[in-house]
Amino acid sequence: MPTRFFDHGSAIPAPQDASVNVARDLPLVESNKLRRVLLRSELLKKAKILEGFAYATPERNRLIGTPGHEATIAYIESIIKSYPSYYTMYKQPFEMPLGTGANLTNNDVEMEAFAVGIAPAGDVTGQLVYVPNLGCETKDFAAVTKGSIILVGRGVCKSAIKDALGSTAGAVGMLVYNNVEGNLDGYSLQKITTSEGAYVPAGGISKADGEALVARVQAGETIVAHISTTTKVTTTYNVVAETIGGDHDNVIFMSGHSDSVAAGPGVNDNGSGTISLLEVAIQLTAFSVNNAVRFAWWSAEEEGLLGAEYYVTEAPQTELDKIRLMLDFDMMASPNYAYQVYDGDGSAFGESGPAGSGEAEHEFERYFVQDAGLNFTTIEFDGRSDYGPFLAAGVATGGIACGAEGIKTVEEAAMFGGQAGVAYDVCYHSACDNASNVNVGAWIQMTKAIAHMTATFARSFDLLPPKSEQVKAKRMAYAKKMSDKATGALWGV
Ligand SMILES: [Zn+2]
């Protein structure tokens, strides 16, 4: 059985007595009115605050389980709590083991390795067996013998699948090697539980070290590996807030992740989305809504979308059915930005989302061109951020972003300015992702786009497919197709 690490609790904030709802006397929200009260100065002020949380700690980051991230969660909570007659709030706890250290030897020669989060701590010895095809399917594990340690490359499916399939085939440990340069420090299995089997201890190694070991195993050498790993179990929280006003059976869900990677303070990734959502949530309190607006600040996105996945796993289907649209915002202020809209209708990349995802894309695009007079590009709807688990559960999703480590093209430089041939964010997952990394001009536009979608769907879901049995059947068929694929995002953004 897969280990379950979690406390249980309702992920849905408790409804309050409607008599305390002062929002009913407020004017109904309108896109232009919500947009025009958003200020660049407030975005920048809050960017400095998040940077300050990171820089006040020895780690200088906002990684889950650190004081920098705990301060971020407390900050979000304090702002939402200052509107007690407008929002209910729920902190959803979950636990995960973070890797803290690993020792690895092959035939008694020491190698550099890092413990892989979520995998249990342990001390295991066994013969290395190479798993071909990146180990995403049972048949890849045909050569695995009882008591062995599997050697497998990162990619295509989450490492949780590789680890659990290896365990089911009899392996006692896993060595996963990177598919890009660099070690796998801070890596996790990226999935809290699987149906494929129990997890075994895992170590992450560099691409070069992994490929060297694969060559030796394939040449017929017998390599006995010894992996010893340690972990620290940390409790972290999703913060979920919902308007007291509005129809709670028809919810517009706006979200982004609150955590950073270990390398830096994560002000663009994803302090920017965190703050955009806070600003929209604050300004929304001057208006009433027809449909309930739910905001979530996910934890542990950088460990593999774990907070969002936990939320989806814990939510009953009846609750998921109330979410008419889930929109995700990750990296809203990239210095060399492009205005990117997720390809929800599949017109550009071939993979469409559940019914409603295409309509969300079209409204973002209509807004950019017609209302804001801005260019946009579409990006692949690949589940690489917190909308992934919702997508996989058949919920209509969408979102916008400004770009991560990808390289800006000549065409994009003509559309948006900035530098062609340079990453959208040169500080992506680096120490320099601080308050001076953000492009505030891009950031305010992205925040206004978030406000537009919030206001539009808080008023009405007329733009979306109706809530019908046929639409639900289509969404469920989509979820079934996704679960059959048994693949997931390679990493969090
Ligand atoms: Zn991110």
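Conventions adopted
Residues numbered from 1 in each chain as written. Predicted model: local features only at pLDDT ≥ 70, side-chain atom pairs only at ≥ 80, totals over all residues. Heavy atoms only, no water. UniProt positions renumbered as here; feature names shortened; annotations may be inferred. Helix = DSSP H or I, 4+ residues; strand = E, 2+ residues; numbered from the N terminus. Phe/Tyr/Trp six-rings, centres within 6.5 Å; stacked < 30°, edge-to-face > 60°. Buried < 20%, exposed > 50% of the residue type's maximum accessible area, 1.4 Å probe, protein only. Lys NZ or Arg CZ within 6 Å of the ring centre and 35° of its normal. Domains from an automatic or database assignment. Contact = heavy atoms within 4.5 Å. Buried area = accessible area lost by both parts, 1.4 Å probe. Salt bridge = Lys/Arg side-chain N within 4 Å of Asp/Glu carboxyl O. 1 Å grid on protein atoms, 1.4 Å probe; cavity = no way out; pocket = protein on both sides within 12 Å on 5 of 7 lines; lining within 4 Å. Points joined across faces, edges and corners; volume = space filled by probe spheres on them. Nonpolar A, V, L, I, M, F, W, Y, C, P; charged D, E, K, R; others polar. pLDDT = per-residue confidence, 0-100.

Quick look at the UniProt feature "domain: PA" (unreviewed entry) in the protein
- Feature annotation in UniProt assigns "domain: PA" (unreviewed entry) to the following positions: residues 124-213.
- Helix makes up 19% of residues 124-213 and strand 23%, whereas the separation of the span's terminal C-alpha atoms amounts to 18 Å.

Let's talk about the packing of aromatic side chains
- Within this structure, the stated rule accounts for 21 aromatic pairs.
- Note on Tyr339 and Phe416: the rings are 5.5 Å apart at their centroids and 90 degrees apart in plane angle, and the pair reads as edge-to-face. Of the two residues, Tyr339 sits in the loop between strand 11 (323-329) and strand 12 (340-342) while Phe416 sits in helix 11 (residues 410-416), which places them 77 residues apart along the sequence. We note that Tyr339, like Phe416, is buried.
- Here the aromatic cluster, defined as three or more aromatic residues joined through ring pairs, consists of Tyr337, Tyr339, Tyr367, Phe368 and Phe416.
- Residue placement shows Arg60 over the ring face of Tyr55; its charged tip is 3.9 Å from the ring centre.
- Here the basic side chain of Lys408 rests over the ring of Tyr337, its NZ or CZ set 5.3 Å away from the ring centre.

Section: the domain arrangement of the protein
- Examined at the domain level, the protein breaks down into domain 1 (18-95 + 235-485) and domain 2 (108-222).
- For domain 1 and domain 2, the distance between their C-alpha centres works out to 33 Å.
- Contact residues are listed per partner, giving six residues for domain 1 and seven residues for domain 2.
- Ranking the residues of domain 1 by area buried against domain 2 places Glu303, Leu306 and Glu309 at the top, with a combined share of 69%.
- The tally of links from domain 1 across to domain 2 stands at one salt bridge.
- Among the ionic pairs, Lys191 bridges to Glu309, the shortest N-O distance being 3.8 Å.

Describing the layout of surface pockets
- Size it by volume and the second largest pocket reaches roughly 870 Å³.
- In terms of lining residues, the second largest pocket is bounded by 37 residues, among which Asp185, Gly186, Tyr187, Val261 and Glu302 are the most central.
- When contributions to the lining of the second largest pocket are tallied by element, the ones reaching two or more residues are strand 1 (87-106) and strand 3 (114-115).
- The element best represented in the lining of the second largest pocket is strand 1, accounting for five residues.
- Each residue belonging to the lining of the second largest pocket can be placed in one class, and the counts come to 14 nonpolar, 15 polar and eight charged.
- Two domains share the lining of the second largest pocket, each providing at least three of its residues, namely domain 1 (18-95 + 235-485) and domain 2 (108-222).

As for unusual backbone geometry
- Cis geometry is found at the peptide bond from Asp269 to Asn270, where omega equals -5 degrees.
- Phi is positive for Arg60, which is not a glycine, with a value near 55 degrees.
- Secondary-structure assignment places Arg60 in the loop between helix 2 (40-55) and helix 3 (67-81).
- Here Arg60 falls in the partly exposed class, since its relative accessible area comes to 43%.
- Despite not being glycine, Ile118 shows a phi value in the positive range, around 75 degrees.
- Along the chain, the position of Ile118 falls in the loop between strand 3 and strand 4 (122-130).

Quick look at the confidence of the model for the protein
- A residue-level look at the protein finds 93% of positions with pLDDT of 70 or above and a mean pLDDT of 91.
- Of the regions scoring below 50 in pLDDT, residues 1-10 engages in 24 contacts with residues more than four places distant in sequence or in other chains.
- pLDDT under 50 marks residues 18-22. Its contacts with residues more than four places away, or in other chains, come to seven contacts.

Observations concerning empty space enclosed by the protein
- Under the counting rule described, the total for this entry stands at one cavity of 30 Å³ or more.
- Forming the boundary of the largest cavity are Val261, Gly264, Gly266, Asp269, His429, Ser430 and Asp433.
- Of the residues belonging to the lining of the largest cavity, the class tally is one nonpolar, four polar and two charged.

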